[in-house]
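Coordinate analysis (summary)
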Amino acid sequence: MSGFDLTKLLAERGDERYDLHAKYLNHQLPRMLHTIGFDRVYERAEGAYFWDDAGQDHLDMLAGFGVMGLGRHHPVIRQALHDVLDAGLADLTRFDCPPLPGLLAEKLLRYAPHLDRVFFGNSGTEAVETALKFARYATGKPRVLYCTHAFHGLTTGSLSVNGEAGFRDGFAPLLPDTAIELGDLAALERELKRGDVAAFVVEPIQGKGVHPAPPGFLRAAQDLLHKHKALLIADEVQTGLGRTGDFFAYQHEPGVEPDLVCVAKALSGGYVPVGATLGKESVFRKVYSSMDRVLVHSASFGANAQAMAAGLAVLTVMEDEGIVAGVRSTGELLRARLTELIPEYELLHDVRGRGLMIGIEFGRPKSLKLRSRWTMLQAARKGLFAQMVVVPLLQKHRILTQVSGDHLEVIKLIPPLIIGEPEVERFVAAFTAVMDDAHTGGGLMWDFGRTLVKQAVAHR
Ligand SMILES: Cc1ncc(COP(=O)(O)O)c(C=O)c1O
């Protein structure tokens, strides 16, 4: 009899979760969660909701940083995973060609008909690393251009194209890459003229701050890149798989056909780590140019059967349930309901984004009373007001959201793509209540702001 019993283990030791994390893992996570009162115990989940140990439901507007595209425990994906385990497949022999990766590649490429081949890895950052390597090799050039404030993952290659000092500092030397502003075609051309650029990597909607590329930018950038024999890499790790109301966000405008497209997160429905780099035949042919080079880029877990089966199930569910069209209409409703609030609240400055990737930006209020409070927060640390909104959304209204990056007064909503009108109404009602509190000087909220200020000052 096996000594391993998962149910028993969790029953016996589940209560130690925060202590175990503090002792053996990144100790700052439990510390942060205790500080902002997010140190809850969640026991089960379904769809866009999870339930805590008191049986209370919580609305998920974060989707596990975007991986839970179809919500938690979608029955079709669960069944696919049960089936793949029950099939007892000879997976990862590494010296055969199993059918599932080929079938998933075939299905995925239907959404990007100008592309021909797929490399399967295990995460978003790996999908980006693959694209960077392939672009460098295929062009024979060393430098990659990226955007200020960009986020493409945290392994060293992806870090070289990260647009935030906070992530990069202390990890030098990185690769010889160069940042330009999102939308700055003149800077792109200036850098391309130096002749050493392999590619430009870009998020069609930047995750940090939720900034869409300006209209026409991606197409014009693509033309410039191709003129200078460099490649366009679209990082669709967050924006892909329907998130923005198109299957890929680059498809929002006609004529954009990136040479490489990075996918991960929602591709396996949040169950199994997965990443995919889609690319043109010409690029793949160069990288895998001879039999000797068959393993020149590979990953031990890449294309494993669980990830592939989950991916196939996800794409099928997306088609069967009309997910992309649903995202478009629910996203429009949510954005419209939030935009209506802008004239009501002087601290609320902007609502932007596409589909179900929405940024809510706060800014300097006009009235004297609020302005002094706002200034106090800004002096301590930018981004504290947005944090002050995220906290009561969870604590009072049981809705999980996140600030959209450090030092930003922006909340980002990336809920599961399956949400509908009830979730929109619940969020808008809660957000309105939090805004009312903030604007009527709600003691508790600003008291919490002062606590955050003290912590910010203490950590300088
Ligand atoms: C646009 C983008 N690229 C890459 C990544 C990295 O993905 P992963 O965390 O799976 O490595 C992320 C993660 O948030 C992302 O948003």
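Residues numbered from 1 in each chain as written. Predicted model: local features only at pLDDT ≥ 70, side-chain atom pairs only at ≥ 80, totals over all residues. Heavy atoms only, no water.

Notes on the packing of helix α6 (residues 99-109) against helix α13 (residues 305-320)
The N-to-C vectors of α6 and α13 enclose an angle of 30°; their axes lie 9 Å apart at closest approach. Taken together, the axis directions place α6 and α13 in an arrangement best described as roughly parallel. For the element pair α6 and α13, the recorded crossing hand is left-handed. On α13, the residues touching L100, P101, L103, L104, K107 and L108 of α6 are A305, M308, A309, G311, L312, L315, T316 and E319. In the contact of α6 with α13, the residues fall into ten nonpolar, two polar and two charged. (Axes fitted to C-alpha atoms, helices over the stretch in contact; angles between N-to-C directions. Helix = DSSP H or I, 4+ residues; strand = E, 2+ residues; numbered from the N terminus. Parallel < 35°, antiparallel > 145°, perpendicular 65-115°, else oblique. Left-handed = near helix turned anticlockwise from the far one by under 90°. Contact = heavy atoms within 4.5 Å. Nonpolar A, V, L, I, M, F, W, Y, C, P; charged D, E, K, R; others polar.)

Section: the pairing of strand β7 (residues 197-202)
Among the six residues that make up β7, six are buried, leaving the element largely enclosed by the rest of the structure. Relative to β7, strand β5 (residues 143-147) runs parallel, the two being bridged by three bridges. Residue pairing across strands places R143 opposite V197, the latter belonging to β7. Inspection of the sheet shows β7 paired to strand β10 (residues 231-235) by four bridges, in the parallel sense. Looking across to β10, one finds that V202 is bridged to A234. (Buried < 20%, exposed > 50% of the residue type's maximum accessible area, 1.4 Å probe, protein only. Pairing = 2+ DSSP bridges.)

Describing unusual backbone geometry
Following A172, the chain continues into P173 via a peptide bond in cis, with omega recorded as 0°. Among the structural elements, P173 can be located in the loop between α9 (165-168) and β6 (178-180).

Describing the site of the ligand
Around the ligand, the structure places S123, G124, T125, F151, H152, G153, E203, D235, V237, Q238 and K265. D235 places a polar side-chain atom, nitrogen or oxygen, 2.7 Å from a nitrogen atom of the ligand. Between an oxygen atom of the ligand and a side-chain N or O atom of K265, the distance comes to 2.8 Å. Compared with its free state, where it exposes 390 Å², the ligand has 78% of that area covered by protein. Each residue belonging to the shell around the ligand can be placed in one class, and the counts come to two nonpolar, six polar and three charged. (Near = heavy atom within 4 Å. Polar contact = N/O pair within 3.5 Å; in protein donor to acceptor, adjacent residues only side chain to side chain. Areas by Shrake-Rupley, 256 points an atom, 1.4 Å probe, with all protein chains shown as cover.)

Focus: the side chain of E409
Along the chain, E409 falls in the loop between β16 (402-403) and β17 (410-413). Buried within the structure, E409 lacks any salt-bridge partner; K382 is the closest side chain of opposite charge, at an N-O distance of 6.5 Å. Excluding residues within four positions of it along the chain, E409 makes contact with I360, E361, F362, W374, Q378, K382, G383, L384, F385 and A386. (Lys, Arg positive; Asp, Glu negative; His and termini not counted. Salt bridge = Lys/Arg side-chain N within 4 Å of Asp/Glu carboxyl O.)

Focus on the sheet that holds β17
With antiparallel pairing, four strands are arranged side by side in an open sheet as β13-β14-β17-β16. Each having just a single partner strand, β13 (348-354) and β16 make up the two edges of the open sheet. As paired elements, β13 and strand β14 (residues 357-362) share six bridges and run antiparallel to each other. Considered in β14, the bridge of D350 is made with E361. In this fold helix α16 (residues 384-395) packs onto β14, β16 and β17, with an angle of close to 45° to the strand it touches most, β17.

Looking at the domain arrangement of the protein
Structurally, the protein comprises domain 1 (75-320) and domain 2 (323-458). If you average the C-alpha positions of domain 1 and of domain 2, the two centres end up 31 Å apart. Taken together, the 21 residues of domain 1 in the interface contact 21 residues of domain 2. In total, about 1700 Å² of surface goes out of reach between domain 1 and domain 2, with carbon and sulfur atoms giving 59% of it. For the pair domain 1 and domain 2, the number of links is zero salt bridges. Elements supplying a minimum of two residues to the side of domain 1 that touches domain 2: β8 (205-206), β9 (211-212) and α13. (Domains from an automatic or database assignment. Buried area = accessible area lost by both parts, 1.4 Å probe.)

Some details on a nonpolar patch on the surface
Together, F4, L6, L9 and L10 make up a nonpolar patch on the protein surface, roughly 420 Å² of accessible area in all. Following the sequence through the fold, L10 ends up in helix α1 (residues 6-13). We classify L10 as exposed; its relative accessible area is 55%. (Patch = residues over 30% accessible without salt bridge, like charges linked within 9 Å, V, L, I, M, F, W, Y side chains within 5 Å.)

Considerations on the packing of helix α14 (residues 323-339) against helix α17 (residues 421-439)
With their axes 10 Å apart at the nearest point, α14 and α17 run at an angle of 20° to one another. Relative to α17, the element α14 lies roughly parallel. α14 and α17 meet at a crossing whose hand is right-handed. Each of T330, L333, L334, R337 and L338 in α14 lies in contact with α17, whose residues at this interface are E421, V424, E425, F427, V428 and F431.

A closer look at the sheet that holds strand β4 (residues 117-121)
With respect to topology, seven strands assemble into an open sheet ordered β4-β12-β11-β10-β7-β5-β6, the strand pairing being mixed. One side of each edge strand has no neighbouring strand; the edge strands of this open sheet are β4 and β6. With direction set aside, neighbouring strand axes in the sheet form an average angle of 20°. Note that β5 and β6 share three bridges and pair parallel. By the bridge assignment for β6, C147 is matched with I180. In the packing of α6 onto the sheet, the strands contacted are β4 and β12 (275-279), and the crossing angle to β4 comes to about 120°.

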